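Summary of the model geometry
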Amino acid sequence: MEQWIKIVAQQLANKTEWYGLIVAFPEYRPDLFKTLAHELNYSFYDYRETEMAPLGMKAADLTLAELDRTLFETMQAGPTVLHNIESLLVSKQNQSVITWLTEFSTKPWGHNVVLPVVILADAALKLQPDAVVDLTQTTFPEQSLISRLMH
């Protein structure tokens, strides 16, 4: 297991209750997010693909309350790495996003849930230290051409 994954796994192990953990990445790397899910033995859930894409232009009308309802339903299956939640969050007002991120890390999801962020990394890093893993200064292996085409 790579060191950066061990850091995330340790943060998850430090908690005695199921919760949300935000992981701040330096760049958008779906391959790394999927690797994280695989190594943790978590499900991988692409919110944009599953929930937003079918709605087309109406996806911007989704509320943060609807996001929460969907996530609670999704989490019933077990621990999950959430992908592309930022697609919805960046369409909302800044303060409501900060509030949502803050609440995300303290909600009783029923299972551990990991939320990778890139665009919102700076905002996330201002939250409580145990709510966020900072990987923004981590050097990751280059993404191969095949991996770029697949992700």
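That block above? That's the structure.
Residues numbered from 1 in each chain as written. Predicted model: local features only at pLDDT ≥ 70, side-chain atom pairs only at ≥ 80, totals over all residues. Heavy atoms only, no water.

**Some points on the pattern of salt bridges**
Formally: A carboxyl oxygen of Asp or Glu within 4 Å of a side-chain nitrogen of Lys or Arg is what we treat as a salt bridge. Three labels apply to residues, based on accessible area from a 1.4 Å probe with only protein chains included: buried if under 20% of the type maximum, exposed if over 50%, partly exposed otherwise in between. Secondary structure is summarised from DSSP: a helix means a run of H or I of at least four residues, a strand means a run of E of at least two, and numbering begins at the N terminus for each.
Evaluation of the coordinates by the stated rule reveals 3 salt bridges. For the salt bridge of Arg 29 with Asp 31, the shortest nitrogen-to-oxygen distance reads 2.8 Å. The residues Arg 29 and Asp 31 share a single accessibility class, namely buried. A salt bridge links Lys 107 to Asp 68, with the shortest nitrogen-to-oxygen separation between them at 2.2 Å. With a gap of 39 residues between them, Lys 107 in the loop between α6 (94–104) and β4 (113–117) and Asp 68 in helix α4 (residues 64–75) connect regions that are remote in the sequence. Of the two residues examined, Lys 107 and Asp 68, each falls in the buried class. Counted as one network, the salt bridges with shared partners bring together Glu 27, Arg 29 and Asp 31.

**Quick notes on the sheet that holds β4**
Let me state the cut-off plainly: Two strands pair under a simple rule: DSSP has to find at least two bridges between them. In this analysis an axis means a line fitted to C-alpha atoms, helices contributing only their contacting stretch, and an angle means the value between N-to-C directions, from 0 to 180 degrees.
Taken in spatial order, the 5 strands of this open sheet run β2-β3-β4-β1-β5, and their pairing is parallel. Both outer strands of the open sheet, β2 (43–46) and β5 (132–134), are each paired with one neighbouring strand and no more. Going from strand to strand, the sheet's axes swing by 25° on average, the running direction of each strand aside. Where strand β1 (residues 20–24) lies against β5, 3 bridges are found, and the strand directions are parallel. Looking across to β5, one finds that Ile 22 is bridged to Val 132.

Any functional reading would require information beyond the geometric quantities listed.
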